[in-house]
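Coordinates in review
One-letter residues, chain by chain:
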Amino acid sequence: MSKWIEVVELNNIPVLGSRLIKTRDTDIAVFRGSDDQVYAIRDACPHKGGPLSQGIMHGSTVTCPLHNWKIDLGSGNALAPDHGCGNVFAVKVEGGKVFLQL
Amino acid sequence: MHKENLVLIGNGMAGVRTLEELLKLAPDHYNITVFGEEPYGNYNRIMLSPVLASEKTIEQIMLNGEQWYIDNGITLHKGKKVEQINRARREVIATDGTVAHYDRLIIATGSVPFMLPLPGADKAGVIGFRDIKDVDTMLDTASQYKHAVVIGGGLLGLEAANGLMKQGMNVTVVHLLDTLMERQLDKPAAAMLQKSLAERGMIFLMEHSTAEIIGGERVTAVRFKNGTEIPADLVVMAVGIKPNTELGKSAGLYCERGIVVSDTMQTITDPKIYAIGECVQHRGIAYGLVAPLFEQAKVAANHLAKHGIARYVGTVTSTKLKVTGIELFSAGDFTGNDQTEDIVFKDAASGTYKKIVLQDNQVKGAVLYGDTVDGSWYFQLMKDGTDVSAFRDTLLFGQHHLGDSGHNPDTRVASLPDNAEICGCNGVCKGDIVKAITEKKLFTLDEVRAHTKASASCGSCTGLVESLLAHTVGGDYSATPKTKPLCKCTDYTHDDIRHGIIQHSLKTMPAVREHFEWKTPDGCPSCRNALNYYLLCAYPTEYVDDAQSRYINERAHGNIQKDGSYSVVPRMFGGMCTSDQLRAIADVADKYQVPTMKVTGGQRIDMFGIKKEQLPAMWKDLSAAGFVSGHAYGKAMRTVKTCVGSEWCRFGTQDSTGLGVKLEELTWGSWMPHKFKLAVSGCPRNCAEATIKDIGVVCVDSGYELHIGGNGGIKVRVTDLLCKVATEEEVLEYTGAFCQFYREDAHYLERTAPWIERVGLEKVKTAILSDAANRKALYERFLISQQPAQIDPWKARADGAEAAEFTPIMIEA
Ligand SMILES: Cc1cc2nc3c(=O)[nH]c(=O)nc-3n(C[C@H](O)[C@H](O)[C@H](O)COP(=O)(O)OP(=O)(O)OC[C@H]3O[C@@H](n4cnc5c(N)ncnc54)[C@H](O)[C@@H]3O)c2cc1C
Ligand code: SF4
Ligand code: SF4
Ligand code: FES
């Protein structure tokens, strides 16, 4: 069963920026929007595996630093005209702490 | 003298151009009468697309208003359709009964949009794209409805779709094939075009065939052969045109696809009747672009003026797309066959694609996407059948690449030969334009248009004409405002925003976004980075840098490589180093197990394959050994390359290495609109390759030559000579002033080379050379901005700044 795990305090993620979370099997990028909405996505672009955590976030989208694909952080889908989908993780904020469902 | 009667049917582009040419040759020869079905004077039909996109108004696209007809004694029957030609009585009769007698007649009735014979095609809201009435219908529909469907992904369809989208409609383009504009583009170029249009929000249904148009009185949806359906309040058919031969046929003139004419543009049935324009078929071809029609007009006018020496022999055409921000050029046979060879360049990241098709070392066709400056050159080579074997290797780099070793004070357009065609529509060469500018003392684009017709038709060559103006008249040239917005988040241009930041003391990004009515809450990667730079440049001592508005390279102070690792380049001033420094670098490399080391083209050492988490520790060690960051990752001053100069070289005239070190000490750390490099060579042998740098200094016996605007990137550009100075102090002052002028004037991500080509060398010279006070002020501002900039970002991070950026969070899961 997947369970909620506390990973970081909201205040330790820069606004419109990200933190990189490393787990045993995978790297996860956790983003914080200008409205404090939080998103989590596997740190690998559906294009060529670029580290999305290193990209620039705008709205609820991140632009991959390698070839500028734009990935919707809510769904993980690449925005048109590109096609592809990254793994997103359920995420919630409670009491100023960010939890991931793993 | 008895005047003959000349009647023109069709008040469009070809017909009226014939009259204009005729009036130049024989102003008093004829009593002229014009019939036009449309209720206007003569307008520029090809500018309807910009009108639809709200980039122009109807008034702005009028070529000859009603006053012109009066001034030239022409009787204009506007809004009157001719329905009959009586060849026996030599009369034309309009629907309202107006009769006009002719001695000679010109038919220029153009063409009509081809409407697919689909069930429902007669419903309200289903139109073509041909005249002002259609544009009015589209604008009107856009104000009330939401969904537009454009059938046909060719030139016209895409321009219509772009315009409708600008009017706020949801636009779907339906195309039968799997690539757009298949008659002008090959697959890669078509794919790039589709991608950038899709990014603007255009929706594509490729390989879809329309079956039926659905609705009551008015269209509500479109159904396809595959059974799917999409909503539609407006359907624009742009699937082709057919020559309007109705009147010609009824008058008994021989027609095939169009009215058949000879090389003098007379109909082959009746020599008293001429026909020109899209209604015509000449040597089997019916043209649909203005360039050939204008040539036809010249020939018909020549014949009507009784000179009788001109012959029309057909035209090779080229195509451009009038969608703002998209550069596209195509000509000739771009697909090729067994006998041809292709030379192809593709850079998906910068959105550039070039393909040249060669046969027997002659250009047979070309497709350019993204960068079309050289289109006219390739077109010329193609038309002339030039043998290109001598410069085949560099053909793709464009014309300006040819033969400019040595000092080249001119820019790309300036290096074109006089016979290079600038305006394809009107066939105007560079020489004509430059001559008109100098002899008639022209200062504005409108004046050039009025005198030469260059850029007066489709406008794709406007940029070239503007740079010619800038180059010929220099600083006095008043450019027409460029309307290209900074990015999709705003309607304002880079320049608007840069000026606004200073004028209204806007000191934070939210303040700028609010003032300029941004459409997105936090901007996008394009504008965020640009604004961050603009604010930093305007308020160097006050503005707080926003790390999240920097590309990862700048945020992490290293170059991200293809596997997500980083590279580290310590600064070595002027390329100088000591054995201790080399040892320190070697120790760091051992300690962090650096997999690859390389000496860069800028005389520095690059260490590759560093994990992001390792960066701060490595920087700490480098910083302990006395190194600061080389900024090899930044839109910033990077390196000063030097040769050995008078210290060791037998040719050296000055201490080029020492000067390079001083220059690097002056400029290191400064953020720039784009990457920025310097070089100093000790003599004109130029071993440091100073003439392809943003600033290059070439030492000579009597002092220092300062060169600017060179680029060794994808498009090599040789510097322009700025001036010669006598002392090192002057070199430093002029360099600082130039850096600051570039920092304050260029658009973000514009390197010095395209910047100088855009603003003109004269402007730069004026700012730095003519006005000593201004130069000193620029230099002062540069020095001030350098104080906070010359803080080593590595050291700050090694000491713990922005630790979160470099520290991943480990969790057990
Ligand atoms: C939206 C659009 C964009 C275009 N873009 C470009 C471009 O970028 N580059 C390019 O080279 N070309 C372009 N074209 C094509 C170019 O406009 C035509 O090639 C050119 O206008 C043809 O000139 P013409 O005089 O033959 O016909 P028109 O300009 O169409 O003139 C024909 C005139 O005859 C009138 N007429 C017809 N029958 C009668 C009659 N019986 N009695 C009286 N009057 C009559 C019509 O009302 C019309 O005004 C574009 C066309 C359109 C519609
Ligand atoms: S540029 Fe001149 S001075 Fe410098 S190394 Fe070359 S030859 Fe010697
Ligand atoms: S030229 Fe520059 S951008 Fe191109 S591969 Fe080499 S280092 Fe990379
Ligand atoms: S890996 Fe992300 S865009 Fe290429």
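Residues numbered from 1 in each chain as written. Chains lettered and ligands numbered in written order. Predicted model: local features only at pLDDT ≥ 70, side-chain atom pairs only at ≥ 80, totals over all residues. Heavy atoms only, no water.

- As annotated in an unreviewed UniProt entry, chain B carries the name Nitrite reductase large subunit NirB and is attributed to Thiothrix winogradskyi.
- Of the comments in the UniProt record for chain B, the one headed Pathway (unreviewed entry) reads "Nitrogen metabolism; nitrate reduction (assimilation)."
- Entered under Sequence similarities (unreviewed entry) in the UniProt record, the comment concerning chain B runs "Belongs to the nitrite and sulfite reductase 4Fe-4S domain family." (UniProt positions renumbered as here; feature names shortened; annotations may be inferred.)

- By the naming in an unreviewed UniProt entry, chain A is Nitrite reductase small subunit NirD, taken from Thiothrix winogradskyi.

1. Thoughts on the site of ligand 2
- In the vicinity of ligand 2, the contacting residues are C643(B), G645(B), C649(B), F651(B), G652(B), G682(B), C683(B), R685(B), N686(B) and C687(B).
- Residue composition of the shell around ligand 2, by class: five nonpolar, four polar and one charged. (Near = heavy atom within 4 Å. Nonpolar A, V, L, I, M, F, W, Y, C, P; charged D, E, K, R; others polar.)

2. So, the side chain of K322(B)
Residues and elements named next belong to chain B.
- Here K322 is to be found in the loop between strand 23 (318-320) and strand 24 (328-332).
- A relative accessible area of 17% places K322 in the buried class.
- Polar contacts involving the side chain of K322 include one to the main-chain carbonyl oxygen of I46, which spans 3.2 Å.
- With near-sequence residues (within four places) excluded, K322 lies in contact with I46, M47, S49, P50, E159, C458 and S460. (Helix = DSSP H or I, 4+ residues; strand = E, 2+ residues; numbered from the N terminus. Buried < 20%, exposed > 50% of the residue type's maximum accessible area, 1.4 Å probe, protein only. Polar contact = N/O pair within 3.5 Å; in protein donor to acceptor, adjacent residues only side chain to side chain. Contact = heavy atoms within 4.5 Å.)

3. Overview of helix 23 (residues 772-789) of chain B
- Its 18 residues give helix 23 of chain B an end-to-end C-alpha distance of 25 Å, which sits within 8% of 26 Å, the value for a rise of 1.5 Å per residue.
- On the buried face of helix 23 of chain B, the contacting elements are helix 19 (656-667), helix 20 (728-745) and helix 22 (761-770) of chain B. (Expected span 1.5 Å × (residues − 1).)

4. Quick notes on unusual backbone geometry
- A positive phi angle is found at D36(A), which is not glycine, with a value near 65 degrees.
- Mapping D36(A) onto the fold places it in the loop between strand 3 (27-32) and strand 4 (38-42).
- For D36(A), a relative accessible area of 34% translates into the label partly exposed.
- One non-glycine residue, M181(B), lies in positive phi territory at about 45 degrees.
- Tracing the backbone shows M181(B) in the loop between strand 13 (170-174) and helix 6 (187-199).
- On the basis of relative accessibility, which here comes to 1%, the residue M181(B) falls in the buried class.

5. Examining the pairing of strand 37 (residues 703-708) of chain B
Residue and element names in this part refer to chain B.
- Of all six residues in strand 37, six are buried; the element is thus mostly enclosed.
- As paired strands, strand 36 (residues 695-700) and strand 37 are joined by six bridges and run antiparallel to one another. Looking across to strand 37, one finds that I695 is bridged to I708.
- Hairpin connection of strand 36 to strand 37: two residues between the antiparallel strands. (Pairing = 2+ DSSP bridges.)

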